Amino acid sequence: MKRKLRMGMVGGGLTSFIGPVHRKAAGIDGEIELVCGAFSIVPGESKATGDALYLNPNRVYETYQEMFEAEKKLPADQRIDFVSVVTPNHVHFGPSKMALESGFHVVVEKPISFNLDEAKELQQLVSKTGLLLGLTHTYTGYPLVKEARKMVADGKFGKIRKVFVEYPQGWLSTLLEGTGNLQASWRTDPKQSGMGGAIGDIGTHAANLAEYITGLKITEVCAMLNTVVPGRLLDDDSSMLIKFDNGASGVLMATQVAAGEENNLNIRIYGEKGGLEWKQEEPNSMILKWLDRPKEIIRTGMGYISQDAKNFTRTPAGHPEGYLEAFANIYRAFTKAVRDYKPGVKLNTKDYDFPGVDDGVHGMSFVQTVVESSKSNQKWTKLD
Ligand code: NAD
């Protein structure tokens, strides 16, 4: 396929947060072109967004239903290859399902759906159609996160025993949803966000990061969810003990009421011989800790970094890469898979290193189990 991939977008209107991030990230490698969209639920905003992006007005739609109906009728050399779904959580399933049923690959925001049943239905559809689904767990896109995963897989730290992962934010320390803030409003509304608040919004990122680096799966949780800000309808704070499938244990914390924090996602992992420490706000350095020698600091882009991580690095060492590039790395891996895709031939998506539908189902199972665990007096609750 010697051309740019054609991308459509659902959500991502002018006033949205993550849609513009996706558009920039998808554009970084020059492999993807945005050709159409149903960008907003606000009347007129989809058109305004299309105009601002210089899109062909004929391919700017008011609803995603209209978009897929029209796109699938276009000739093969014009219609989209895939769609990016960047709407609030309750509008992930509908467009993803319709896209797969219309023959289009899907990139969808996390959490993959509103509830676990929807996630499982998408898993079945992906299996039935053989089409690709990428899930934007952004933080797995950082080169040093890939390096960490490789070091664990290569046994550098020995068997993993302990994981501490934290995602503290502070932006929901007040009742921001009461002020009409768009991003706060749907995130704190159970009808739009799902059964989890902070746990679905950022707890899923923390759990996914721990599992991605260690290659392990969380099997049980002992969780406490809190709603700290009076008047809020969903959890805004969580702490939990976690167990992994190799017997390792850990502590996971995700909160949106840690006043003053930005996006301080950080992780520490320890095995029999040593461990690592990585912070999202300083993503180009990682500390390695050893039982038998002094600590080391490794840096993105240096000659000693593995090819696995170099494949996802664009600038020379010391020219910092960040959030947009990490996002772009998910698109890079997904694009490679779309280019290799042949109808009727099942691709092994594990070879491409992007989060997919299985991660999405596991993420929804995690949210559901944490909510159950928090309500129960039982010590441990097993994941579905
Ligand atoms: P937002 O409220 O800023 O934007 C949502 C956009 O979707 C708006 O433009 C809205 O008009 C549009 N929309 C809503 N319903 C629609 C419909 N039926 N059809 C078309 N457009 C519709 O939300 P956000 O903060 O950008 O979050 C969107 C999604 O991205 C959420 O699922 C969130 O969890 C996820 N997210 C992921 C990351 C990450 O790091 N991967 C970061 C932020 C948000």
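Everything below is about the structure shown above.
The model shown is predicted, which means the values in this text are computed figures rather than measured ones.

J.: What should I look at first to understand the overall build of the protein in this one?
T.: Within the protein one finds 12 helices and 14 strands. On C-alpha atoms alone, the protein measures out to a radius of gyration of 21 Å, which is about the 21 Å that the 2.2 N^0.38 rule sets for 384 residues. The buried share of the protein, reckoned over its 384 residues, is 54%. At a minimum sequence separation of 6, the contacts of the protein that also span at least 24 residues come to 69%. Surface accessibility of the protein: about 16,600 Å² in total, with carbon and sulfur atoms responsible for 53%. Side-chain charges of the protein comprise 45 positive and 46 negative groups, with the mean position of each set lying 5 Å from the other.

J.: Honestly, the nonpolar core in this entry has me stumped. Any pointers?
T.: Membership of the largest hydrophobic core comes to 57 residues, with the highest contact counts inside it found for Met67, Phe68, Val83, Ile112 and Tyr331. Looking at this core, the element that brings in the most residues is helix α11 (residues 323–340), giving 8 residues. Within the second largest apolar cluster, 48 residues are counted, among which are Ala210, Leu216, Ala309 and Val367.

J.: Even after reading the chapter, I still don't get the packing of aromatic side chains, so can you show me in this structure?
T.: Where two aromatic rings form a pair, the distance of their centres and the angle of their planes describe that pair. Across all of its chains, the model carries 12 aromatic pairs by this definition. Ring centres 6.3 Å apart and planes at 45 degrees place the aromatic pair Phe82 and Tyr331 in the tilted group. In this pair, Phe82 is assigned in strand β3 (residues 82–85) and Tyr331 in helix α11, connecting sequence segments 249 residues apart. Taking the relative accessible area as the measure of exposure, Phe82 reaches 0% and is therefore buried. Measuring from centroid to centroid gives 5.4 Å for Phe334 and Phe354, while their planes differ by 80 degrees, and the two rings are edge-to-face. Taken together, the residues Phe334 in helix α11 and Phe354 in the loop between α11 and α12 (357–375) connect sequence positions 20 residues apart.

J.: Just checking my understanding: could you explain the environment of Lys120 for this structure?
T.: Here Lys120 lies in helix α5 (residues 116–129). With 238 residues separating them in the primary sequence, Lys120 and Asp358 have C-alpha atoms 8.8 Å apart. Setting aside its immediate chain neighbours within four residues, Lys120 contacts Val361 and Asp384.

J.: How should I be thinking about the sheet that holds strand β14 (residues 381–382) in this particular structure?
T.: Read from one edge of the open sheet, 9 strands run β13-β12-β11-β10-β6-β9-β8-β7-β14, paired in mixed fashion. The open sheet terminates on both sides in strands that have one partner only, identified here as β13 (296–299) and β14. Pairing between strand β11 (residues 274–279) and strand β12 (residues 285–290): 5 bridges, direction antiparallel. Counted as the bridge partner of Gly275 is Lys289 from β12.

J.: Please clarify how empty space enclosed by the protein should be interpreted in this entry.
T.: Space left empty within the atom packing is revealed by a probe, the size of a water molecule, rolled over the atoms. Under the defined criterion, the tally for this structure stands at 6 cavities of 30 Å³ or more. Within this model, the largest cavity holds a volume of roughly 90 Å³. Lining the largest cavity, in full, are Pro111, Phe114, Asn115, Leu116, Ser193, Gly194, Met195, Gly196, Gly200, Met364, Val367 and Gln368. At 3 residues, the largest contribution of residues to the lining of the largest cavity is made by α12. For the lining of the largest cavity, a count of residues per class yields 6 nonpolar, 6 polar and no charged. Three or more residues apiece are contributed to the lining of the largest cavity by two domains, here domain 1 (5–139 + 328–355) and domain 2 (142–315 + 364–382).

J.: Got a minute to help me understand the sheet that holds strand β1 (residues 5–10) in this structure?
T.: Two pairing modes exist for strands in a sheet, parallel and antiparallel, and in both the strands are linked by backbone hydrogen bonds. Spatially, the 5 strands line up as an open sheet ordered β2-β1-β3-β4-β5, and their pairing is parallel. Two strands bound the open sheet, and with one partner strand each, they are β2 (32–38) and β5 (133–135). Strand-to-strand twist across the sheet, computed as the mean angle between neighbouring axes with direction ignored, equals 25 degrees. In this structure, β3 lies alongside strand β4 (residues 105–108), joined through 4 bridges in parallel fashion. Counterpart to Val83 in the pairing with β4 is Val106. Relative to β4, helix α4 (residues 93–101) is tilted by about 165 degrees, and along the sheet it contacts β1, β3 and β4.

J.: Help me understand helix α2 (residues 45–52), please; the structure alone is not making it clear to me.
T.: Side chains of residues three or four places apart in an α-helix project in the same direction, reflecting 3.6 residues per turn. Residues of α2 that are buried include every one of Glu45, Ser46, Thr49 and Gly50, and no others. Taken down its axis, α2 places every buried residue within 140 degrees of arc, on the same side. Where α2 is buried, its residues contact α1 (18–27) and β2. A positive phi of about 60 degrees marks Tyr54, the residue just after α2.

J.: Help me understand the packing of helix α9 (residues 198–214) against α12 in this model?
T.: Between two packed helices, both the angle of their axes relative to each other and the distance between the axes serve to describe the pair. At their nearest, the axes of α9 and α12 sit 10 Å apart, and the two run at 120 degrees to each other. Taken together, α9 and α12 sit at an angle that is classed as oblique. In this structure, α9 meets α12 at a crossing whose hand is right-handed. Each of Ile199, Gly200, Gly203, Thr204, Ala207, Asn208 and Glu211 in α9 lies in contact with α12, whose residues at this interface are Asp359, His362, Gly363, Phe366, Val367 and Val370. Looking at the contact of α9 with α12 residue by residue, the class counts come to 5 nonpolar, 6 polar and 2 charged.

Conventions and cut-offs
- Residues numbered from 1 in each chain as written.
- Predicted model: local features only at pLDDT ≥ 70, side-chain atom pairs only at ≥ 80, totals over all residues.
- Heavy atoms only, no water.
- Helix = DSSP H or I, 4+ residues; strand = E, 2+ residues; numbered from the N terminus.
- Rg over C-alpha atoms; globule rule 2.2 N^0.38 Å.
- Buried < 20%, exposed > 50% of the residue type's maximum accessible area, 1.4 Å probe, protein only.
- Contact = heavy atoms within 4.5 Å.
- Areas by Shrake-Rupley, 256 points an atom, 1.4 Å probe, with all protein chains shown as cover.
- Lys, Arg positive; Asp, Glu negative; His and termini not counted.
- Charge placed at Lys NZ, Arg CZ, Asp CG, Glu CD.
- Core = buried A, V, L, I, M, F, W, Y, C linked by side-chain atoms within 4.5 Å.
- Phe/Tyr/Trp six-rings, centres within 6.5 Å; stacked < 30°, edge-to-face > 60°.
- Pairing = 2+ DSSP bridges.
- 1 Å grid on protein atoms, 1.4 Å probe; cavity = no way out; pocket = protein on both sides within 12 Å on 5 of 7 lines; lining within 4 Å.
- Points joined across faces, edges and corners; volume = space filled by probe spheres on them.
- Nonpolar A, V, L, I, M, F, W, Y, C, P; charged D, E, K, R; others polar.
- Domains from an automatic or database assignment.
- Axes fitted to C-alpha atoms, helices over the stretch in contact; angles between N-to-C directions.
- Arc of directions from axis to C-beta.
- Parallel < 35°, antiparallel > 145°, perpendicular 65-115°, else oblique.
- Left-handed = near helix turned anticlockwise from the far one by under 90°.

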